[in-house]
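Coordinates in review
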Amino acid sequence: MEKILDLISAEVMGAFEACGYDVAYGKTGISNRPDLCEYQCNGAMAAKKAYQKAPIVIAQEVAAKLQDSEAFEEVSAVNPGFINIRVSGDFLADYLLKMQSDKNLSVEKAKEPKTIVLDYGGANVAKPLHVGHLRSAIIGESVKRIARFVGHKVIGDVHLGDWGLQMGLIITEVRQRQPELPYFDENFTGEYPQEAPFTLSQLEEIYPTASAKSKEDAAYREAALEATYQLQQGKRGYQALWNHIMQISIPDLKRNYGRLNVDFDLWKGESDAKPYIADMVQRMREEGYAYEDQGALVVDVKEDSDAKEIPPCIILKSDGAFLYATTDLATIVERMELYQPDEILYLTDKRQEMHFTQVFRCARKTGLVKDDTKLSFLGFGTMNGKDGKPFKTREGGVMRLETLIADINAEMYRKITENHEVDPQEARETAEIVGLSAIKYGDLSNQASKDYVFDMDKFTSFEGNTGPYILYTIVRIKSILNKYRENGGSVQKGHILAPANESEKSLMMELVKFNSTIEQAFAETAPHRICAFIYDLANAFNRFYHETRILGEENAAQQTSWIELLDLTREVLETSIDLLGFEAPERM
Ligand code: ARG
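Below: a short report on this structure. Nothing here was measured: the structure is a model prediction, and the numbers come from that model. (Residues numbered from 1 in each chain as written. Predicted model: local features only at pLDDT ≥ 70, side-chain atom pairs only at ≥ 80, totals over all residues. Heavy atoms only, no water.)

Some points on the overall build of the protein chain
For the protein chain, the helix and strand inventory stands at 20 helices and 13 strands. Along the three orthogonal principal directions, the C-alpha set of the protein chain runs to about 90 × 65 × 40 Å. The burial tally for the protein chain puts 52% of its 588 residues in the buried class. The contacts of the protein chain with a sequence gap of at least 6 include a subset with a gap of at least 24, amounting to 74%. Total accessible area on the protein chain stands at roughly 26900 Å², and carbon and sulfur atoms take up 48% of it. Put simply, the protein chain has 67 plus and 91 minus side-chain charges, and the middle of one group is 2 Å from the middle of the other. (Helix = DSSP H or I, 4+ residues; strand = E, 2+ residues; numbered from the N terminus. Buried < 20%, exposed > 50% of the residue type's maximum accessible area, 1.4 Å probe, protein only. Contact = heavy atoms within 4.5 Å. Areas by Shrake-Rupley, 256 points an atom, 1.4 Å probe, with all protein chains shown as cover. Lys, Arg positive; Asp, Glu negative; His and termini not counted. Charge placed at Lys NZ, Arg CZ, Asp CG, Glu CD.)

This is the structure in structure tokens:
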């Protein structure tokens, strides 16, 4: 559906043209003085020079032309040359009726759908998921849903960190503890055991222990580096241990992401790039891009216009081991081969920006991607505690994701059961649904690139700009609709009337912004636009609700119209939160 601003602009443009001015001056926007008008055109001021006329005269001519417009209720020319507009109620009602019957709720699908590989999540196997990975999962999931909603094909890949030093550390620690295992026997040629030599909880202890040891003991660290190298070179026993680690960790990761309502199309990882590395490196050498520098193999990626120094991209370490850049580059080769994406979008902490600058430049320079393949990076800020420092547990340790979720759910449960009697089982389920909205909305309502403070009290509050407030509003609408149905009414479509009062008009004016909001959220990779929109929408709804007796209304046509308006508001809100990656309970 055409956007409301475009319809309004077209109307005003027609008037400029009819008065003998260039149509372009008729472009109209939302008013920044809602106390004076709803929409505003500043074209008369811009036309002053070209036509050598006082802007107010132009504005008056155009305003006069628009007096009979059916779309507008009031058009006035205001000094020095503003054209202030209030739209007509019928025009709004008409737009909402179209929206109601549009299966995409007025949002248009992309005319040329793109294939986008979305690289998000990025958990590291065998290391516990911590809050640092939370943002990537939350933002990525929303970005994926938004892009799909506007018609693109998105392939979400978790791109696990499964090939790095942590694997070498685990192997080294297991070796120290159980040197007799066949994985470490050079002469072993039989089948390795089916069963892993450790459980999930042992694995969760092994990695931190090994990591701590490697920081104190240089020889231990050397051994871990060597084990990583051997694993990457395909040493049989280590490969088998690696398989065990993966088999144990992945179901656990799936469970954790599942609790966040986050799911991936591909569960690939750094290790999947392996088959592509040798050819890629060889080609980079042969074509003269890669050269040896102090033993390492590097590709220069600096450009003349760089304001700061961009170091060469290191393809292989001096010992021949792969690096983060190696697997990322080879993964680009893999993705180009398997999916031919128009765009690959990466979502990580913004501290990885330099890495991606190097990788993108190197990929372009060495021809890993086509000229028209976009490589994009969205770097997000840090989630901080109230002290402004990266979020920690009360004891000062790294906060595990499970703990964070459990804390939020406990607080939500307390709030839900605080004031009224509820079935404890239902309250627990509701607490989980609402808790997730608190976490996700708290994150997504901030511009991704900014740091934000994780504030439990604020995020779980039913008032203010929070997830629970949005859900509360949805539940309120659902409960009115249910009462209406219980009283024998049926909720239909096609009967929305012009607004009966100002608060209803305001609500309508928010609803019609849905398509432009979604389009903008996609174009800017900015879920926070949707949060800002639904917050305004929820506020407008609640104002309308407090001023209007809906179920007690005696005029049947009026009541039907309001019910449909409520249902449309619910649909827009529920679609929006789905794009953010959470949902509303039936009751709360
Ligand atoms: N595993 C990485 C980390 O924890 C994130 C991976 C991001 N994706 C990528 N293709 N590098 O920092």
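Let's talk about the packing of helix H16 (residues 467–486) against helix H20 (residues 556–580)
Between H16 and H20, the shortest axis-to-axis distance is 10 Å and the interhelical angle comes to 145°. You can see that H16 and H20 cross each other, and the crossing is left-handed. Residues Ile470, Leu471, Thr473, Ile474, Ile477, Lys478, Ile480, Leu481 and Tyr484 of H16 form the contact with H20, whose own contacting residues are Gln559, Thr560, Ile563, Leu566, Asp567, Thr569, Arg570, Leu573, Glu574 and Ile577. Residues that form the contact of H16 with H20 fall into these classes: 11 nonpolar, 4 polar and 4 charged. (Axes fitted to C-alpha atoms, helices over the stretch in contact; angles between N-to-C directions. Left-handed = near helix turned anticlockwise from the far one by under 90°. Nonpolar A, V, L, I, M, F, W, Y, C, P; charged D, E, K, R; others polar.)

A closer look at the pattern of salt bridges
One pass over the structure, following the stated rule, counts 47 salt bridges. Across the pair Glu38 and Arg86 runs a salt bridge, and its minimum N-O distance is 3.9 Å. Residue Glu38 is found in the loop between strand S1 (28–30) and strand S2 (39–41), and its partner Arg86 is found in strand S4 (residues 82–87); the two are separated by 48 residues along the sequence. Arg414 is paired through a salt bridge with Glu411; the nearest N and O atoms lie 3.0 Å apart. On the criterion of helical spacing, the pair formed by Arg414 and Glu411 is a turn pair, its members being 3 residues apart in helix H13 (residues 401–418). Judged by its relative accessible area of 14%, Glu411 falls in the buried class. In this structure, a network of salt bridges that share partners links the residues Glu38, Glu73, Arg86, Glu502 and Lys505. (Salt bridge = Lys/Arg side-chain N within 4 Å of Asp/Glu carboxyl O.)

A closer look at the site of the ligand
In the neighbourhood of the ligand, the contacting residues comprise Asp119, Gly122, Asn124, His133, His159, Tyr324, Asp328, Tyr346, Thr348, Gln352 and Phe356. In this structure, His133 approaches the ligand through a side-chain N or O atom, which is 3.0 Å from an oxygen atom. One nitrogen or oxygen atom from the side chain of Asp328 is found 2.7 Å from a nitrogen atom belonging to the ligand. Contact with the protein chains hides 88% of the accessible area of the ligand, taken as 350 Å² for the molecule alone. Comparing atom positions with the cavity grids shows the ligand to sit within the largest pocket. Contributions of two or more residues to the shell around the ligand are made by helix H11 (324–339) and strand S10 (343–349). Here the residues of the shell around the ligand sort into 3 nonpolar, 6 polar and 2 charged. (Near = heavy atom within 4 Å. Polar contact = N/O pair within 3.5 Å; in protein donor to acceptor, adjacent residues only side chain to side chain. 1 Å grid on protein atoms, 1.4 Å probe; cavity = no way out; pocket = protein on both sides within 12 Å on 5 of 7 lines; lining within 4 Å. Sits in = over half its atoms within 2 Å of the grid points.)

Brief notes about the sheet that holds strand S6 (residues 153–157)
Whenever strands of a sheet pair, they do so through backbone hydrogen bonds, lying parallel or antiparallel. Ordered by their spatial adjacency, 4 strands build an open sheet running S6-S5-S10-S11, and the pairing between neighbours is parallel. Edge positions in the sheet fall to S6 and strand S11 (374–380), since each has one partner strand and no second. Neighbour to neighbour, the strand axes of the sheet diverge by 20° on average, direction disregarded. Bridge analysis of strand S5 (residues 115–119) against S6 gives 5 bridges, and the strand direction is parallel. (Pairing = 2+ DSSP bridges.)

A word on empty space enclosed by the protein
Throughout the structure, instances matching the rule amount to 1 cavity of 30 Å³ or more. Approximately 140 Å³ is the volume attributed to the largest cavity. If you trace the largest cavity, you find 15 residues lining it, with Lys127, Pro128, Leu129, Glu204 and Asp252 closest to the centre. Elements that contribute at least two residues to the lining of the largest cavity include exactly helix H7 (200–216), helix H9 (236–259) and H13. Ranked by residue count, the leading element in the lining of the largest cavity is H9, at 4 residues. Of the residues in the lining of the largest cavity, the class split is 7 nonpolar, 3 polar and 5 charged. (Points joined across faces, edges and corners; volume = space filled by probe spheres on them.)

Observations concerning the packing of aromatic side chains
A full pass over the atoms with the stated rule returns 26 aromatic pairs. Seen in terms of ring centroids, Phe149 and Phe514 are 6.4 Å apart; in terms of plane orientation they differ by 65°. Their pairing is edge-to-face. Separated by 365 residues along the polypeptide, Phe149 in helix H5 (residues 131–149) and Phe514 in helix H18 (residues 514–523) bring together distant segments of the chain. Seen in terms of ring centroids, Phe356 and Phe360 are 5.8 Å apart; in terms of plane orientation they differ by 55°. Their pairing is tilted. Placement of the pair is Phe356 and Phe360 together in helix H12 (residues 353–365), with a separation of 4 residues, close to one helical turn. (Phe/Tyr/Trp six-rings, centres within 6.5 Å; stacked < 30°, edge-to-face > 60°.)

Some thoughts on the packing of helix H1 (residues 4–18) against helix H4 (residues 89–101)
At a closest axis distance of 12 Å, the pairing of H1 and H4 adopts a crossing angle of 140°. When the axis of H1 is compared with that of H4, the two are oblique. Relative to H4, the crossing made by H1 is right-handed. Contact with H1, carried on its side by Ile4, Leu7 and Ile8, involves Phe91, Leu92 and Tyr95 of H4 and no other residues of that element. Partitioning the contact of H1 with H4 into residue classes produces 6 nonpolar, no polar and no charged. (Parallel < 35°, antiparallel > 145°, perpendicular 65-115°, else oblique.)

Section: the pairing of S10
Burial analysis of S10 places 7 of its 7 residues in the buried class, which makes it a mostly covered element. Direction of pairing for S10 relative to S11: parallel, over a ladder of 7 bridges. Its bridge partner being in S11, Leu345 is matched across the sheet by Ser376. A crossover links S10 with its parallel partner S11, the connecting element being H12, and its sense is right-handed. (Right-handed = clockwise from strand over helix to strand, strands pointing away.)

Side note on helix H6 (residues 165–177)
Taking 1.5 Å of rise per residue, 13 residues should cover 18 Å, and H6 covers 18 Å from first to last C-alpha, within 8% of that figure. Turning to H6, the residues buried within the fold contact H7, helix H8 (218–232) and H9. (Expected span 1.5 Å × (residues − 1).)

Examining the side chain of Gln40
Tracing the sequence through the fold places Gln40 in strand S2. By relative accessible area, which is 12% here, Gln40 ends up buried. Looking at Gln40, its side chain comes within polar contact range of the side chain of Asn42, at 3.0 Å. When near neighbours in sequence (up to four residues on either side) are disregarded, Gln40 contacts Thr28, Gly29, Ser31, Asn32, Phe82, Ile83 and Asn84.

Topic: the layout of surface pockets
Taken as a whole, the largest pocket spans an internal volume of roughly 1100 Å³. In terms of lining, the largest pocket is formed by 45 residues, of which the most central are Gly122, Asn124, His130, His133 and Gln352. Sorting the residues of the lining of the largest pocket by element identifies H5, H6, H11 and S10 as the ones contributing at least two each. Per-element tally for the lining of the largest pocket: the top contributor is H5, with 5 residues. Considering only residue class, the lining of the largest pocket consists of 19 nonpolar, 17 polar and 9 charged. Here the second largest pocket is characterised by a volume of approximately 410 Å³. Looking at the lining of the second largest pocket, the elements with two or more residues in it are H13 and helix H15 (456–459).

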